[in-house]
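The residues making up each chain are set out below.
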Amino acid sequence: MTLESLRIQIDSIDDQLLQLLNQRMEVVRQVGELKKSTKSVIYRPEREKQILDRLHQASTGLLTPAAIDAIYLEIFAVSRNLEMPERVAYLGPEGSFTHQAAESRFGAMSDYIALPTIRSVFESVETGRCRFGVVPIENNQEGIVNETIDLLLEKDLLIAAEAQIPVHFTFATQTDVLSEITHIYSKDIAFGQCSKFLRDYFDGLPAQLVPVESTSKAAKLASQHPKAAAICSNIASKLFGVPVLFDNIEDTDLNRTRFLVLAKDFTNQKSGHDKTTIIARLPNTNKPGVLAQFLQEFDARHINLTKVESRPLREGATFRYWFLIEFEGHVEDPGVQEILKHHAADVKWLGSYVKSLG
Ligand SMILES: O=C(O)C(=O)C[C@]1(C(=O)O)C=C[C@@H](O)C=C1
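Residues numbered from 1 in each chain as written. Predicted model: local features only at pLDDT ≥ 70, side-chain atom pairs only at ≥ 80, totals over all residues.

The name given to the chain in an unreviewed UniProt entry is Bifunctional chorismate mutase/prephenate dehydratase, and the organism recorded there is Larkinella insperata. Taken directly from UniProt, the Subcellular location (unreviewed entry) text for the chain runs: "Cytoplasm". According to UniProt, the comment filed for the chain under the heading Function (unreviewed entry) is "Catalyzes the Claisen rearrangement of chorismate to prephenate and the decarboxylation/dehydration of prephenate to phenylpyruvate." (UniProt positions renumbered as here; feature names shortened; annotations may be inferred.)

Encoded structure:
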């Protein structure tokens, strides 16, 4: 076998793939027309998951499930854009971890806009300027993002999907001589999360740690100075064209952030692996047992609670709270229906969506 003859085989397979992809797009175009006439939503995460699960099972070759997911993420993104381009806002700047999370859901081919604050992402979806908004909700080392939780109460948006991504930091620089590096830029919190790497590689070297407002800004600065480096996300180093010298330099590989995809009107069909988020403003939470009794209703129906977060109601000089509650299951499940009906006046449903496995 020569390289030339192998490449001839690859070219012929690519021709077939392209033909099949074009055939798929023709069917997708028809789905788009059908959806337009019935005013149905384009993005169906539960259908995408069903397709991926089926392909994981069906695959007998060298492709791993992660490889299949990566390829199909872009196929879905192109398909959705063909049906109807839908703009996705995310908490910027470009190259942020939220950008990475947005791409993990919508692929590289979607129409994105980076916005400066979590509130501006909520507002862009609320006003219809963007169809979806991606914001962080919690990090497993740093805890909850209060601003996101409070805006879920304040605004009338729903959760269409969630994404969980591991927070990996890369060390990006144009030089590969560590002793030549004069400045290392990053967010202060990232220095803390990569302290072991910095100790092991830079103890006794002249490099100065310079905190800046975002890891994307750090990558930008490293792209402008040949003797500077950045601790940033992989996507930021790519975006600013700074070579990655070391990958995964964080102290713990257990660092993960969870993001929400927000939409104005959205319902997912049941996938069998769903999670539901609600807001509960229970009356008399200062009376003993009110919250416990409410949570007991979930236990009685074997519904597994995954999060109970309390936030101040900010009503007068009192200490009263509302709760963000998450549990396994879908709003159409009979047990969930019973609880929602029973507490119709106190509970707001925010969404049932496919549970992210990270
Ligand atoms: O099945 C649909 O509802 C489609 O719109 C098609 C398709 C696909 O490419 O398979 C595209 C977008 C949806 O998010 C899910 C699936």
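Having seen the structure, we can now continue with the description.
## Here's the deal with the overall build of the chain
Across its full length, the chain holds 12 helices and 15 strands. Taken over the C-alpha atoms alone, the chain extends approximately 70 × 55 × 35 Å along its principal axes. Sequence-distant contacts, at least 24 apart, represent 75% of the contacts inside the chain between residues at least 6 apart. (Helix = DSSP H or I, 4+ residues; strand = E, 2+ residues; numbered from the N terminus. Contact = placed C-beta atoms within 7 Å.)

## Concerning the pairing of strand E1 (residues 87–91)
For E1, the buried fraction is high: 4 of the 5 residues fall into the buried class. In this sheet, strand E2 (residues 111–115) lies alongside E1 in parallel orientation, the contact comprising 5 bridges. Bridge assignment links Val88 to a residue of E2, and that residue is Tyr112. The β-α-β motif built from E1, the intervening helix H4 (residues 97–106) and the parallel element E2 has right-handed crossover chirality. (Buried ≥ 20, exposed ≤ 12 C-beta atoms within 10 Å, placed from the backbone. Pairing = 2+ DSSP bridges. Right-handed = clockwise from strand over helix to strand, strands pointing away.)

## Some points on the site of the ligand
Inspection of the region around the ligand gives Val28, Val31, Ile42, Tyr43, Arg44, Arg47, Glu48, Ile51, Phe76, Ser79, Arg80 and Glu83 as its neighbouring residues. The set of elements that each furnish at least two residues to the shell around the ligand consists of helix H1 (3–38), helix H2 (45–58) and helix H3 (65–83). A total of 4 residues in the shell around the ligand trace back to one element, the largest contributor, which is H3. Residues of the shell around the ligand, tallied by class, amount to 6 nonpolar, 1 polar and 5 charged. (Near = placed C-beta within 6 Å. Nonpolar A, V, L, I, M, F, W, Y, C, P; charged D, E, K, R; others polar.)

## Concerning the domain arrangement of the chain
How big an interface is tends to be reported as the loss of accessible area on association of its parts. Segmentation of the chain into domains returns domain 1 (1–84), domain 2 (86–167 + 255–266), domain 3 (174–238) and domain 4 (268–354). Here domain 1 and domain 4 have C-alpha centroids that lie 38 Å from each other. Facing 4 residues of domain 1, the contacting portion of domain 4 comprises 5 residues. Its residues assigned to classes, the side of domain 1 that touches domain 4 shows 1 nonpolar, 1 polar and 2 charged. (Domains from an automatic or database assignment.)

## What about H3?
With 19 residues, H3 ought to run about 27 Å at 1.5 Å a step, and its terminal C-alpha atoms sit 26 Å apart, in line with that. When we look at burial in H3, the residues that qualify are Phe76, Ser79, Arg80 and Glu83. Residues of H3 that are buried in the fold lie against H1 and H2. (Expected span 1.5 Å × (residues − 1).)

## Some details on the packing of H1 against H3
It is at 8 Å that the axes of H1 and H3 come closest, and there the two elements cross at 45°. In this view, H1 runs oblique relative to H3, as classed from their interaxial angle. For the crossing formed where H1 meets H3, the hand is right-handed. Of H3, the residues touching H1 (which contributes Met25, Val28, Arg29, Val31, Gly32 and Lys35) are Ser79, Leu82 and Glu83. Counted by class, the contact of H1 with H3 contains 4 nonpolar, 2 polar and 3 charged residues. (Axes fitted to C-alpha atoms, helices over the stretch in contact; angles between N-to-C directions. Parallel < 35°, antiparallel > 145°, perpendicular 65-115°, else oblique. Left-handed = near helix turned anticlockwise from the far one by under 90°.)

## So, the sheet that holds strand E15 (residues 347–354)
One open sheet holds the 4 strands; their spatial order is E13-E14-E12-E15, and the pairing between them is antiparallel. Edge positions in the sheet fall to strand E13 (305–312) and E15, since each has one partner strand and no second. Between one strand and the next, the sheet's axes are offset by a mean angle of 15°, whatever the strand orientation. One ladder, built from 7 bridges, connects strand E12 (residues 274–280) with E15; its direction is antiparallel.

## Section: the nonpolar core
Of all hydrophobic cores here, the largest spans 46 residues; its most connected members are Ala160 and Leu262. When residues in this core are grouped by element, the largest group, 6 residues, is from strand E5 (residues 158–166). Beyond its immediate stretch of four places on either side in the chain, Leu262 contacts Phe122, Val125, Phe132, Gly133, Val135, Leu157, Ile159 and Ala160. Core analysis: the next-biggest nonpolar cluster, separate from the first, contains 23 residues, Phe171, Ala190, Cys194 and Cys232 among them. (Core = buried A, V, L, I, M, F, W, Y, C linked by C-beta atoms within 7 Å.)

## A short note on the sheet that holds strand E6 (residues 170–173)
Across the sheet, which stays open at both edges, the 5 strands sit in the order E8-E7-E9-E6-E10 with mixed pairing between neighbours. Strands with a single pairing partner mark the edges of an open sheet, and in this sheet they are strand E8 (208–211) and strand E10 (244–246). Going from strand to strand, the sheet's axes swing by 30° on average, the running direction of each strand aside. Looking at chain direction, strand E7 (residues 183–186) and E8 are connected through 4 bridges and run parallel. Within the sheet, the bridge partner assigned to Ser186 lies in E8 and is Pro211.

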